[in-house]
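A look at the structure
So you can see what is in the structure, the chains are spelled out below.
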Protein chains: 4
Amino acid sequence: MPASRATYTFLGPEGTFTEAALMQVPDAAGAVRIPSSNVNTALDKVRDGSADAAMVPIENSVEGGVTATLDAIATGQELRIIREALVPISFVLVARPGVDITQIRRISTHGHAWAQCRLWVDANIPGAEYIPASSTAAGALGLLEDDTHYDAAICAPIVAAEQPGLHVLAENIGDNPGAVTRFVLVSRPGVLPARTGADKTTVVVPLPEDRPGALMEILDQFATRGVNLSRIESRPTGQYLGHYFFSIDADGHVADARVADALAGLHRISPATRFLGSYGRADAQSPVVAPHTSDEAFRAAHAWVDEILAAETLGSGMAANASPTA
Amino acid sequence: MPASRATYTFLGPEGTFTEAALMQVPDAAGAVRIPSSNVNTALDKVRDGSADAAMVPIENSVEGGVTATLDAIATGQELRIIREALVPISFVLVARPGVDITQIRRISTHGHAWAQCRLWVDANIPGAEYIPASSTAAGALGLLEDDTHYDAAICAPIVAAEQPGLHVLAENIGDNPGAVTRFVLVSRPGVLPARTGADKTTVVVPLPEDRPGALMEILDQFATRGVNLSRIESRPTGQYLGHYFFSIDADGHVADARVADALAGLHRISPATRFLGSYGRADAQSPVVAPHTSDEAFRAAHAWVDEILAAETLGSGMAANASPTA
Amino acid sequence: MPASRATYTFLGPEGTFTEAALMQVPDAAGAVRIPSSNVNTALDKVRDGSADAAMVPIENSVEGGVTATLDAIATGQELRIIREALVPISFVLVARPGVDITQIRRISTHGHAWAQCRLWVDANIPGAEYIPASSTAAGALGLLEDDTHYDAAICAPIVAAEQPGLHVLAENIGDNPGAVTRFVLVSRPGVLPARTGADKTTVVVPLPEDRPGALMEILDQFATRGVNLSRIESRPTGQYLGHYFFSIDADGHVADARVADALAGLHRISPATRFLGSYGRADAQSPVVAPHTSDEAFRAAHAWVDEILAAETLGSGMAANASPTA
Amino acid sequence: MPASRATYTFLGPEGTFTEAALMQVPDAAGAVRIPSSNVNTALDKVRDGSADAAMVPIENSVEGGVTATLDAIATGQELRIIREALVPISFVLVARPGVDITQIRRISTHGHAWAQCRLWVDANIPGAEYIPASSTAAGALGLLEDDTHYDAAICAPIVAAEQPGLHVLAENIGDNPGAVTRFVLVSRPGVLPARTGADKTTVVVPLPEDRPGALMEILDQFATRGVNLSRIESRPTGQYLGHYFFSIDADGHVADARVADALAGLHRISPATRFLGSYGRADAQSPVVAPHTSDEAFRAAHAWVDEILAAETLGSGMAANASPTA
């Protein structure tokens, strides 16, 4: 039934590493896939319903967008991260067939990809001029146009593989061979992925005041419940410099008692705290949970306190005159 | 109805500061009051039902018992503190009528009272010999016996006032004029005094292991919820030196959300944590509660988390294949 | 004397907001100013001595580079931040004289600037196509070339002011009118700006292990000495995902005792901690320093401990047999 | 040489467990040993020079004195703990020769000893009357006097062994067979026992203000340097209830860098912090010291900071105009 086909958008165009991330989603192959020219556009498509979810970079991206993603999901209409994806980053140098590496003078690619291949370029094509492209794929596809004003492009291997008109002159030209980029799939609220046992929870916590210790109070809410953090970034709120919010990834799912309890603590300290989602870790690595931070420990603890409090109805009358038997 | 008359015991005999503390309890005047020779005996009377409650010293006492009280309520059958009392401590020197201060050679009193009047004694009756008594009152009443082997006693003003056979030779002879002692009224579980807004909660927390940071973890459970501590003591468990429990007084009532939450945290870290009671502060001083640690802040925080979790039933199916609309 | 003229590089080309930041440096007007095409290139010029210092964005930049800056100064040959600069960000839309806003179809600018003007563009030139440029200035200057394939550019007001061939069609078209970007001036080690009383210190701290609490231990080194943090970001080390370093801005100067002590604490926990510099805050706002974290408090504290330790030479012999007078 | 003979005092009289603790000091056998009737008297003898050191109980004592010791060394003229001693506590029941256990009606001993033997007494001599004594030894020796008004005493085995006139009716009658009491040897300042590698440091820290978090700030000074605590007690200052000092035993010696650094931190937060001594642990158990809290880690950390600061003389001039080469 066509109506049930999902619509995904991603930081495009086709052929970017972000699309590679999207293709890791089980039903993406059969879904409608719409490229977006930047992260804000992609997220807006989710917000206005023209897409069901958007795949965007969240860390260390080749095509940029990290800061944009952090800021865009921290403000405006609420969104939810429902999945993360890791994509190995490797680059190839492509040109039109017949072009030799010695003939290359001008190379196009995204600025961040250019930065990540500079050692190789300096060593192999010294003096090459850089022509900016809005994405690695855009730079590569531009070579196929008639009026192109550059000789080569740096892009993902998949683009070269899919375009017979592109010839690979060199592979694995990135300066950091093991590079991996992290992406997240963002949807509207209303979807909470089931707990897998190897989950992450992302929150945005505005700093209540710029006072010594405020950050510690926030982090202490996690530490007190034994919740480890895998990412933290302070970001200026944009209102004026000096006011911050924290974007935080914590190990565990909001359905884990220790995470739920930590989130409640955050909400007390900073009531505008925003929950951005709990979702399975791409690396599927389960955290080590100490016995005293297990769901069972929380359940037992609250049962114990409830039992103490249950005596109150009984006792309050007597206590009024402090006489245990009056 | 006679059956409803309460029975209280206290660290006796009659005339001690502990009895003065007991007399602050509204219905104590009309109740049965039984002196006990030591703290353990008093608490055992509560445990076996022969008394409804026991008044015992918990801090800085003249007649001892502090350590005994801490240890006795930390172990054995559970008990509850349901009230605290503060008693100003002042001492008088008494003798039989006709005895002059220059004739005094031997003075009897409790060891702790002796320690607290030593400056005065050294200055006014140099060389006086100390005769130990099991309590200040016992020392004073001993003067009325035929075969007494001492000339004077140091006791509470009330004893002298009630005994025509005792003559006050000097008043306010304590070295620390503003001294105040704290006592607690202990009953069997089943009675939880109503929250007054100026309360204390006492707990005993066994240290789970002797590792660096274990104590900090325990205290952090209070700090994270903005709960102030007014007393903390580590006590060896008695099993062997090096294993400890902590006896802690925290501001607030277990019916305060911040205290309940802190107690749950303690229970997780140290499941043998013992709740010893929540009760009105004798000084009726209300703590300053920051907005983010108010009951309302806790209620709002948990409502927020519950709302997030409520989405799970909806979303879990979809999340299984990470497609938001499949 | 020409030899004494400083050489500065900046994330160029001329006309970028980064150059505006550089022009805030007192002697920049008379210095040699070399644009660099990206942050890595700029920093490499400092490292190899072809520039004395580089001005690069560190937070919230229009022309990118933030992540690149953080990562580039965290690794490789050591560098020092010696100054920060704040630049208000405002955008103008420029075209060649005679071009009307209704004629505009294609607009060039840096991707981040495009993102920051999208609301205005969507409202005023709906359907405009985006042509990426390597910087806002490059996009604007491209309009002056014969073979330009776009109609307008978004750039800093200063570029328009300096180029008679550019006509301003609209001013203040940024979506966030009060936007300010932070830049830092980076030099080789060997220069430590004098303490001003309103300083910042930047450090990079590799997380020793991914264990619960490691981040807290790091931050606690600051909290224990009353040092406030104004920025914190975890960054993957690049070696493999899951291993992190923290880039941290702390209030105060390494010449402040509390900061020096905190840094020593960091070094113990993470010996590869990198000091990136102490420098005056661009906003010249002095922090509130509690009396117990003042230089005087540190001096007095260490004097006190030293006095205690001075007794050791005296005492150690006696202590050997635990007899105080032997 | 007689002049070099040390003079020790102890919480007496002879035959108490405190004297047993004193006899563990290597040169005590050949020293002058003066009993004191209470802890204050003993410490005053040290303060006025009439004794070189005093052995007094600090924890869990049979003859009392714990609270007195804590308070007495926390105030007044400074003193130093130079040694600790552990004494196994076991009790015997003694009577005059010929007295049978069935004949016993009245038993004398110190109040605390009485409390610790009550289970045995209740089971074996039900209904026995308690006659207070100022010490266990005093009670036992009283049996040898003509006019004694009780039949038996509870005391340390050593008293019975040394007094042919006392007959042991029962051994090991304490309710807690493995009981051990901790004592400390206190001298005037000027003696700092050498570091053994298995040391304790005792401090008294007045709480600067009764604010939430003040206690945590104090304890954090230890935690931040990885110093474990083995004892902590809050004590009212005596001035008025609600003001506290903390008596703390920490693992390690002030000559350990981590302890010295923690002490400096305490002094900043609470300048009236009192150092009561560093001394070998009676159990000779060395703490586990993490590499990052070793002396070497502290030395390296401070060397690193010093190196950073050494650049200041060089750089300050240049930094004044923020130009690295001007």
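Residues numbered from 1 in each chain as written. Chains lettered and ligands numbered in written order. Predicted model: local features only at pLDDT ≥ 70, side-chain atom pairs only at ≥ 80, totals over all residues. Heavy atoms only, no water.

Notes on the overall build of chain A
Rules: Here a helix means four or more residues in a row that DSSP labels H or I, a strand means two or more in a row labelled E, and each is numbered from the N terminus. Working definition: with a 1.4 Å probe on protein chains only, accessible area under 20% of the residue-type maximum means buried, over 50% means exposed, and in between means partly exposed. Accessibility throughout is a Shrake-Rupley quantity obtained with a 1.4 Å probe, and a residue counts as covered only by protein chains that appear here.
The helix and strand tally for chain A stands at 10 helices and 14 strands. The buried share of chain A, reckoned over its 326 residues, is 56%. When the accessible surface of chain A is split by element, carbon and sulfur atoms take 53% of a total near 12,000 Å².

As for the relation of the copies chain C and chain A
The condition is simple: The least-squares superposition of copies is restricted to C-alpha atoms, and to residues with a pLDDT of at least 70 in both copies. Throughout, a contact is declared for two residues whenever any of their heavy atoms are within 4.5 Å.
Under the fitted operation, chain C is carried onto chain A by 0.0 Å of movement along the axis and a turn of 180°, and the coordinates agree to an RMSD of 0.0 Å. The relationship between the two copies is best expressed as a two-fold rotation axis. Proximity to the rotation axis, assessed at the C-alpha, singles out Glu233 of chain C in chain C; its C-alpha lies 2.0 Å from the axis. Most of the interface of chain C is mirrored in chain A: 100% of its interface residues are interface residues there too.

Details of the packing of aromatic side chains
We describe a pair of aromatic rings using the distance from one ring centre to the other and the angle between the two ring planes. Residues and elements named next belong to chain A. The condition that has to hold: Any two of the Phe, Tyr and Trp rings considered here, Trp counted by its six-membered ring, make a pair once their centres fall within 6.5 Å; the pair's planes then place it as stacked at under 30 degrees, edge-to-face at over 60, or tilted in between.
What the rule picks out here adds up to eight aromatic pairs over all chains. Residues Trp114 and Tyr130 carry aromatic rings whose centres are separated by 4.9 Å and whose planes lie at 15° to one another, so their mutual orientation is stacked. With Trp114 in helix α4 (residues 111–116) and Tyr130 in strand β7 (residues 129–132), the pair connects residues that are 16 residues apart, well separated along the chain. Here Trp114 falls in the buried class, since its relative accessible area comes to 7%. Residue Tyr130 is classed as buried on the basis of its relative accessible area of 18%.

Structural notes on the side chain of Thr201 of chain A
Residue and element names in this part refer to chain A. Going by this rule: Nitrogen and oxygen atoms within 3.5 Å of one another constitute a polar contact, given that in protein one can donate a hydrogen and the other can accept it, and given that sequence-neighbouring residues count only through two side-chain atoms.
Looking at the element boundaries, Thr201 is found in strand β11 (residues 199–206). Among the polar contacts listed, one links the side chain of Thr201 to the side chain of Ser278, at a separation of 2.7 Å. With residues up to four places along the chain from it excluded, the contact list for Thr201 reads Ile248, Asp249, Ala250, Gly252, His253, Val254, Val259, Leu263, Phe275, Gly277 and Ser278.

Structural notes on the environment of Ala68 of chain D
Looking at where Ala68 of chain D falls in the secondary structure, it is placed in helix α3 (residues 66–74). Separated by 242 residues in sequence, Ala68 of chain D and Ala310 of chain D place their C-alpha atoms 50 Å apart.

Thoughts on the domain arrangement of chain A
All names here are of chain A. Rules: Domain start and end points were adopted from an automatic or database domain assignment. Throughout this description, the term salt bridge denotes a Lys or Arg side-chain nitrogen within 4 Å of a carboxyl oxygen of Asp or Glu.
Domain annotation of chain A identifies domain 1 (1–89 + 175–191), domain 2 (92–171) and domain 3 (192–313). Look at where the C-alpha atoms of domain 1 and domain 3 centre, and you get two points 25 Å apart. In this assembly, 21 residues from domain 1 lie in contact with 21 residues from domain 3. The tally of links between domain 1 and domain 3 comes to three salt bridges. Across the pair Arg235 and Asp71 runs a salt bridge whose closest N-O atoms are separated by 2.8 Å. One can count nine residue pairs in polar contact (both at pLDDT 80 or more) joining domain 1 with domain 3.

As for the interface of chain C and chain A
Where we set the bar: Accessible area that two parts lose when put together, evaluated with a 1.4 Å probe and summed over both, is termed the buried area.
Between chain C and chain A, the contact holds 39 residues from the first and 40 residues from the second. Both sides of the chain C and chain A interface together cover about 3,400 Å² of buried area, and 53% of this is carbon and sulfur. Linking chain C with chain A are two salt bridges. The salt bridge partner of Arg118 of chain C is Asp44 of chain A, with a shortest N-O separation of 3.7 Å.

A short note on the sheet that holds strand β8 (residues 152–155) of chain D
Residues and elements named next belong to chain D. Quick reminder of the rule: Only strands joined by at least two bridges in the DSSP assignment are considered to pair. Inter-axis angles, ranging from 0 to 180 degrees, are taken between N-to-C directions of lines fitted to C-alpha atoms, where helices are fitted over the stretch in contact.
Spatial strand order, β7-β6-β8-β5-β9: five strands in an open sheet with mixed pairing. A strand with exactly one partner marks an edge of an open sheet, and here the two such strands are β7 (129–132) and β9 (167–171). Averaged over neighbouring strand pairs, the angle between their axes works out to 30° when direction is ignored. One ladder, built from four bridges, connects strand β6 (residues 106–109) with β7; its direction is parallel. Paired with Ile107 across the two strands is Tyr130, which belongs to β7.

Details of unusual backbone geometry
Leave glycine aside and you will find that most residues have negative phi; peptide bonds, for their part, are mostly trans. Omega for the bond connecting Gly12 of chain B with Pro13 of chain B falls within 30 degrees of zero, at 10°, which places this linkage in the cis form. Assignment of secondary structure puts Pro13 of chain B in the loop between β1 (7–11) and α1 (17–22). The backbone of Ala284 of chain C sits at a positive phi, close to 55°, despite the residue not being glycine. Tracing the chain through its elements places Ala284 of chain C in the loop between β14 (274–280) and α10 (295–320).

What to know about the pairing of strand β8 (residues 152–155) of chain C
All names here are of chain C. Neither face of β8 is exposed, since Ala152 and Ile154 on one face and Ala153 and Cys155 on the opposite face are all buried. Relative to β8, strand β5 (residues 92–95) is paired through four bridges, and the arrangement is antiparallel. By the bridge assignment, Val92 is partnered in β8 with Cys155. Inspection of the sheet shows strand β6 (residues 106–109) paired to β8 by two bridges, in the parallel sense. Within the sheet, the bridge partner assigned to Ile107 lies in β8 and is Ala152.

Examining the sheet that holds strand β3 (residues 53–59) of chain B
Residue and element names in this part refer to chain B. Read across the open sheet, the five strands follow the order β2-β1-β3-β10-β4; overall the sheet is mixed. Strands at the two margins of the open sheet, each flanked by one partner only, are β2 (32–36) and β4 (80–88). Neighbouring strand axes in the sheet, compared pairwise and without regard to direction, differ in orientation by 30° on average. Here six bridges tie β3 to strand β10 (residues 180–187), and the two strands are oriented antiparallel to one another. Counted as the bridge partner of Ala54 is Val186 from β10. On the sheet, helix α2 (residues 39–47) packs against β1, β2, β3 and β10 and is oriented at approximately 145° with respect to β3.

Quick look at the confidence of the model for chain A
What counts here: What pLDDT reports is the predictor's confidence in each residue, on a scale of 0 through 100.
Confidence in the prediction for chain A averages 87 pLDDT; 89% of positions are at 70 or higher. When the criterion is pLDDT under 50, residues 314–326 of chain A qualifies, and its contacts beyond four places in sequence or with other chains add up to 34 contacts.

Observations concerning the packing of helix α2 (residues 39–47) of chain D against α3 of chain D
Residue and element names in this part refer to chain D. This is how it is decided: Any angle that falls under 35 degrees is termed roughly parallel, while one over 145 is termed roughly antiparallel, one within 65 to 115 roughly perpendicular, and all others oblique. What makes a crossing left-handed is the near helix being turned counterclockwise from the far one by less than a right angle; a clockwise turn instead makes it right-handed. Under the grouping applied here, Gly and all other residues not named as nonpolar or charged are polar, the nonpolar ones being Ala, Val, Leu, Ile, Met, Phe, Trp, Tyr, Cys and Pro and the charged ones Asp, Glu, Lys and Arg.
Where α2 meets α3, the axes come as close as 9 Å, and the angle between the chain directions of the two elements is 30°. Here α2 lies roughly parallel to α3, going by the angle between them. Between α2 and α3 the crossing geometry is right-handed. For the pair formed by α2 and α3, the contact residues are Val39, Asn40, Leu43 and Arg47 on the first element and Ala68, Thr69, Ala72 and Ile73 on the second. Of the residues belonging to the contact of α2 with α3, the class tally is five nonpolar, two polar and one charged.

Considerations on the side chain of Lys45 of chain B
All names here are of chain B. Quick note on the threshold: Positive residues here are Lys and Arg, negative ones are Asp and Glu, while His and the chain termini are left out of the count.
With respect to the helices and strands, Lys45 occurs in helix α2. Of the side chains with opposite charge, Asp48 lies nearest to the buried Lys45, which makes no salt bridge, at 8.3 Å. The contacts of Lys45, once residues within four sequence positions are left out, are Thr9, Ile34, Pro35, Ser36, Ser50 and Ala51.

Looking at the pairing of strand β12 (residues 229–236) of chain D
Working note: regular strand, side chains alternate between the two faces of the sheet. Residue and element names in this part refer to chain D. Counting buried positions over the eight residues of β12 gives eight, a clear majority of the element. Two elements, β12 and strand β13 (residues 244–251), share seven bridges in a ladder whose sense is antiparallel. Considered in β13, the bridge of Arg231 is made with Asp249.

With respect to helix α9 (residues 257–269) of chain D
Residue and element names in this part refer to chain D. Counted only if it meets this: One less than the number of residues in a helix, times 1.5 Å, gives the span that helix is expected to have.
Compared with the 18 Å implied by 1.5 Å per residue over 13 residues, the 19 Å span of α9 between its first and last C-alpha is a close match. Of all 13 residues that make up α9, 12 are buried, and the element is covered over most of its length. For α9, the full list of buried residues reads Arg258, Val259, Ala260, Asp261, Ala262, Leu263, Ala264, Gly265, Leu266, His267, Arg268 and Ile269.

Points about the nonpolar core
Basically, it comes down to this: Grouping buried Ala, Val, Leu, Ile, Met, Phe, Trp, Tyr and Cys residues that are joined through side-chain atoms within 4.5 Å yields what is termed a nonpolar core.
Of all hydrophobic cores here, the largest spans 61 residues; its most connected members are Leu219 and Ile248 of chain B together with Leu219 and Ile248 of chain D. Apart from the residues within four sequence positions on either side, Ile248 of chain B is in contact with Thr201, Thr202, Val203, Val205, Ile218, Leu219, Phe222, Leu229, Arg231 and Ile232 of chain B. With 59 residues, the next largest nonpolar core counts Leu219 and Leu263 of chain A together with Leu263 and Ala264 of chain C among its residues.

Section: the packing of helix α8 (residues 214–223) of chain C against helix α9 (residues 257–269) of chain C
All names here are of chain C. Where α8 contacts α9, the two axes come as close as 8 Å, and the packing angle between them is 160°. The angle between α8 and α9 places the two elements in the roughly antiparallel class. When the axes of α8 and α9 are compared, the crossing they make is right-handed. In this structure, α8 uses Glu217, Ile218, Gln221 and Phe222 to contact α9, whose residues at the interface are Ala262, Gly265, Leu266, Arg268 and Ile269. Of the residues contributing to the contact of α8 with α9, the split by class is five nonpolar, two polar and two charged.

Concerning the pattern of salt bridges
A side chain of one charge can pair with a side chain of the opposite charge if their charged atoms are brought near each other. If you walk through the whole model with that rule in mind, you get 84 salt bridges over all chains. Of the charged contacts in the structure, one is a salt bridge between Arg225 of chain B and Asp261 of chain B, with a shortest N-O distance of 3.1 Å. Taken as a pair, Arg225 of chain B in the loop between α8 (214–223) and β12 (229–236) and Asp261 of chain B in helix α9 (residues 257–269) lie far apart in primary sequence, 36 residues in all. Across the pair, exposure class does not vary: Arg225 of chain B and Asp261 of chain B are buried alike. Residue Lys200 of chain C pairs with Glu84 of chain C through a salt bridge whose shortest N-O separation is 3.1 Å. Of this pair, Lys200 of chain C sits in strand β11 (residues 199–206) while Glu84 of chain C sits in strand β4 (residues 80–88), placing them 116 residues apart in sequence. Look at Lys200 of chain C and you get buried, because its relative accessible area is 5%. The exposure class assigned to Glu84 of chain C is buried, which follows from its relative accessible area of 6%. Within the structure, one salt-bridge network assembled from shared partners comprises Glu84, Arg182, Lys200, Arg231, Glu233 and Asp249 of chain A.

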